[in-house]
Amino acid sequence: MLDSKLIRETPEVVRAAIAKKHLEIDLDAILAIDASWRAQLQEVEALRSTQKGANSAMAALPKGSPEFAAKVAEMKAVSSQVKERDARLKETEERFRTAMLSVPNLPHASVPDGRTPEDNVVFSLHGAHDEPRPHALPHWEIPGFDRLFDFARGAKVTGAGFPFLVGDGARLARALLQFFLEEGSKAGYVEVSPPIFVNAASATATGQLPDKEGQMYETTPDHLYAVPTAEVPLTNFFRDEILDESVLPVYRCAYTPCFRREAGSYGKEVRGLNRVHQFDKVELLKWVHPATSYDELDKLREDAERLLQKLQLPYRVLLMCGGDLGFAQAKKYDLEVWAAGQKRWLEVSSCSNFEAFQARRAQIRFRSKESGRTELVHTINGSGLAVGRVQAAILENNLESDGRVRIPEVLVPYFGRAHLSFQ
RNA sequence: GGAGAGGUGGCUGAGUGGUCGAUAGCGGCGCUUUGCUAAAGCGUUGUAGGGGUUUAAAUCCCUACCGGGGGUUCGAAUCCCCCCCUCUCCGCCA
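As a further point, take the overall build of chain A. Along its length, chain A carries 13 helices and 17 strands. By the burial criterion, 50% of the 423 residues in chain A qualify as buried. A fraction of 73% describes how many contacts in chain A between residues 6 or more apart in sequence connect residues 24 or more apart. In the form shown here, chain A has an accessible surface area of approximately 20200 Å², with 51% of it arising from carbon and sulfur atoms.

By nearness alone, 26 residues border RNA strand B, and Asn55, Ala59, Lys76, Arg373 and Thr374 come closest of all. A distance of 3.1 Å is found between a phosphate oxygen of RNA strand B and a side-chain nitrogen or oxygen belonging to Lys76. Mapped by element, the contributors of at least two residues to the surface near RNA strand B are helix H1 (4-9), helix H3 (27-60), helix H4 (66-101) and strand E13 (364-367). A per-element tally of the surface near RNA strand B places H3 first, with 13 residues.

Turning to the sheet that holds strand E14 (residues 374-376), a few remarks are in order. Pairing in this open sheet of three strands is mixed, and the strands run E7-E13-E14 from one edge to the other. The strands lining the two open edges of the sheet, one partner per strand, are strand E7 (241-244) and E14. Mean inter-strand twist for the sheet, computed between neighbouring axes without regard to direction, equals 40°. As judged from the four bridges shared by E7 and E13, these two strands associate in the parallel manner. Across the sheet, residue Asp244 finds its bridge partner in E13, namely Arg367.

What follows deals with the domain arrangement of chain A. Per the domain assignment, the segments making up chain A are domain 1 (4-100) and domain 2 (117-420). Using C-alpha coordinates to define each centre, domain 1 is positioned 43 Å away from domain 2. Contacts between domain 1 and domain 2 engage four residues on the former and eight residues on the latter. Summing the contributions of domain 1 and of domain 2, the shared interface buries around 380 Å²; its carbon and sulfur component is 54%. Remark: the boundary between domain 1 and domain 2 carries zero salt bridges. Our count for the domain 1 to domain 2 interface comes out at three residue pairs in polar contact (both at pLDDT 80 or more). Looking at the side of domain 1 that touches domain 2 residue by residue, the class counts come to no nonpolar, one polar and three charged.

Moving on to the state of the cysteines. Taken as a whole, this structure holds zero disulfides when the rule is applied. Cysteine Cys253 is unpaired, with the sulfur of Cys258 as its nearest cysteine sulfur at 14 Å. We classify Cys253 as buried; its relative accessible area is 0%. Taking the relative accessible area as the measure of exposure, Cys258 reaches 0% and is therefore buried.

So, on to the side chain of Lys21. Positionally, Lys21 belongs in the loop between helix H2 (11-20) and H3. Not counting residues within four places of it along the chain, the set of residues in contact with Lys21 comprises Pro104, Asn105, Pro107, Gly322, Gly323, Leu325, Gly326, Phe327, Ala328 and Gln329.

Let's shift gears to H2. Here H2 has its buried residues at Pro11, Val14, Ala17, Ile18 and Lys20. Where H2 is buried, its residues contact H1 and H3. One or two positions beyond H2, positive phi appears at His22, with a value near 60°.

Another point: the environment of Thr379. Tracing the sequence through the fold places Thr379 in strand E15 (residues 378-386). According to the relative accessible area criterion, Thr379 is buried, its value standing at 1%. Remark: the alpha-carbon pair of Thr379 and Ile364, spanning 15 residues in sequence, is separated by 9.3 Å. Not counting residues up to four positions away in its chain, the partners in contact with Thr379 are Thr235, Lys286, Trp287, Ser352, Asn353, Phe354, Glu355 and Gln358. Here the side chain of Thr379 touches Gln358 through a polar contact of 2.7 Å, side chain to side chain.

Moving on to the nonpolar core. Ranked by internal contacts, the top residues of the largest apolar core, which has 54 residues, are Leu176, Phe180, Val390, Leu411 and Leu420. Residue contributions to this core peak at eight residues, all from helix H7 (residues 168-186). The residues touching Leu420, leaving out its near neighbours within four places in the chain, are Leu148, Asp168, Leu172, Leu395, Arg404, Val405, Ile407 and Phe415.

On to the pattern of salt bridges, then. One pass over the structure, following the stated rule, counts 22 salt bridges. Ionic pairing is found between Asp150 and Arg153, a salt bridge with its closest N-O pair at 2.7 Å. We note a salt bridge from Lys286 to Glu296, for which the minimum N-O separation is 2.8 Å. Note that Lys286 is positioned in strand E9 (residues 278-288) and Glu296 in helix H10 (residues 293-310), a separation of ten residues in sequence. The exposure class assigned to Glu296 is buried, which follows from its relative accessible area of 7%.

What counts and how
Residues numbered from 1 in each chain as written. Chains lettered and ligands numbered in written order. Predicted model: local features only at pLDDT ≥ 70, side-chain atom pairs only at ≥ 80, totals over all residues. Heavy atoms only, no water. Helix = DSSP H or I, 4+ residues; strand = E, 2+ residues; numbered from the N terminus. Buried < 20%, exposed > 50% of the residue type's maximum accessible area, 1.4 Å probe, protein only. Contact = heavy atoms within 4.5 Å. Areas by Shrake-Rupley, 256 points an atom, 1.4 Å probe, with all protein chains shown as cover. Near = heavy atom within 4 Å. Polar contact = N/O pair within 3.5 Å; in protein donor to acceptor, adjacent residues only side chain to side chain. Pairing = 2+ DSSP bridges. Axes fitted to C-alpha atoms, helices over the stretch in contact; angles between N-to-C directions. Domains from an automatic or database assignment. Buried area = accessible area lost by both parts, 1.4 Å probe. Salt bridge = Lys/Arg side-chain N within 4 Å of Asp/Glu carboxyl O. Nonpolar A, V, L, I, M, F, W, Y, C, P; charged D, E, K, R; others polar. Disulfide = S-S within 2.5 Å. Core = buried A, V, L, I, M, F, W, Y, C linked by side-chain atoms within 4.5 Å.

Structure representation (structure tokens):
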């Protein structure tokens, strides 16, 4: 959510920023609702003030007196007016809130112009992704893959896109998680194990609701949502709190399984581990002082990149253009790992600065030492990393002539062996 | 799941229909006293929205907020209803 003052006072700035995201928002309609809200608010507040004044006067009067009775009669009219206008005011307020929730975050000045994924800028390129790998296969075609990643039985037990990980498949996932969390701790992120169901208020604060409702699994009868990413419970940790400035920046990391309905996905995009309904991920998250948020975003991106470097996987960093930025992001980098068998890039991390967009919805503030006032923090997050697709990349890039997969050196202590076997 | 007790400001804790945004204590901040520390005394102390003034801020005015939502009433922290959460006992259980 944006600051309503920003829209009120500099609508042209907001208009230009929204255009950069290639979205259509009727700002004039929002401004009109805002104007009528303020007019209604002043009316109601004036009536309330009258009520309060009368109340003080009545407190001093004897209860049975004619003056008292007269006041009661007089105030009855005011009371019914307040009720009626307050109801209208609340209605307007709700309309305004709904309209404001439809306004996207503004892209940062450093975000490149562009409309589609093709317009994203390749920010950096690492490793030799174009080096020939004669044994490479799409991971789902590797002999024995189905034994370690059992999609058929997962489909029987739950549904499509819920694979069982068996034997070395499960072992590789666990090794990666352990590695990611250890590296996160070393980089200063305090490990958190959050709830994996959240309520509607939390999902709204991080922006999943209302616009991405169909992407989450919802439970009955309690109406809790299975988290699509640890970002949701983690960001909400400090919801409705005022932090001491001295605790900033706060670094946290968390592993959770992530649940995504992925309605509408199809084809090659979703083969094998490319896109599943449940996958493991470690999320990195920061709450920072607004003045430092872009430096902190770069540092977080580097923390995520380091994981791919240590795993010795070829990858690239994309700087997302305005049109491919998410609704809530002010700036976003995607980390994409090279999958040598499929000969394509797979997104394994998305590192974003939300500025105050999430913090305003979630009311996460700090008390500024300088001004003594409360200010919204900036939130930054990114995967560090998504396990399923990193697994896919390891299987495809490290497949050897004997049909085994070489485990990256840094992972050997966690995995326990130097090779993964499909037997 | 059953029964009971609760939820008030940063914390503890008063307040059962009317000048209550709310007694008091602690903590925080400021000042005074003091060689320093400690202690004492005095003062101060939340959040949000709107308006006015201003280059802006501060100040000023108004309104809301006593877990959340609704109701009763001229008037609700206080009475009624629903929901959430915490604690105690019982039941169940990894």
